[in-house]
Amino acid sequence: SSGINAEYGAEESDSEDTSSIDSDLRAESEEEMREYMRELEGQLGKTTLTESFEKGQDGELDIDFNLVSNILNSFSADSGLDGPASSVLASLGVRLPRNEDNF
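Residues numbered from 1 in each chain as written. Predicted model: local features only at pLDDT ≥ 70, side-chain atom pairs only at ≥ 80, totals over all residues. Heavy atoms only, no water.

Engineer: Just to check I follow, could you spell out a nonpolar patch on the surface for this structure?
Structural biologist: On the surface, Leu67, Val68, Leu72, Val88, Leu92, Val94 and Leu96 cluster together into a nonpolar patch covering about 600 Å² of accessible area. Broken down by element, the nonpolar patch gets its largest block of residues, three residues, from helix H3 (residues 63–77). By secondary structure assignment, the location of valine 68 is in helix H3. In this structure valine 68 comes out as partly exposed when scored by relative accessible area, which is 47%. (Patch = residues over 30% accessible without salt bridge, like charges linked within 9 Å, V, L, I, M, F, W, Y side chains within 5 Å. Areas by Shrake-Rupley, 256 points an atom, 1.4 Å probe, with all protein chains shown as cover. Salt bridge = Lys/Arg side-chain N within 4 Å of Asp/Glu carboxyl O. Helix = DSSP H or I, 4+ residues; strand = E, 2+ residues; numbered from the N terminus. Buried < 20%, exposed > 50% of the residue type's maximum accessible area, 1.4 Å probe, protein only.)

Engineer: For this particular structure, what's the right way to read the side chain of asparagine 66?
Structural biologist: You can see asparagine 66 is positioned in helix H3. The exposure class assigned to asparagine 66 is buried, which follows from its relative accessible area of 8%. Within the local environment of asparagine 66, its side chain forms a polar contact with the backbone nitrogen of glutamate 54, the two atoms lying 2.9 Å apart. What asparagine 66 contacts, discounting residues up to four positions off in sequence, is Phe53, Glu54 and Leu61. (Polar contact = N/O pair within 3.5 Å; in protein donor to acceptor, adjacent residues only side chain to side chain. Contact = heavy atoms within 4.5 Å.)

Structure representation (structure tokens):
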């Protein structure tokens, strides 16, 4: 590594500087995301949207259950036609059978 650095005129501290810059960018990006989440929570806190989510037995939001439930509801609303839910599932390699009782 030092041979390559010497050959191209780079110094050992270049990689340390790059690492420091990467670390600073990650910290800045994380802080921007935290600020975004605070703003989003403030906006959503004024709505009833969070009341529509199912909570687990511990009272915490069950993200997995809500995701699957919403995808299945959307798939069902597609009435067997290609729609958003079936497109997303197909891109993941998942093909759900049609529920013939609903058609």
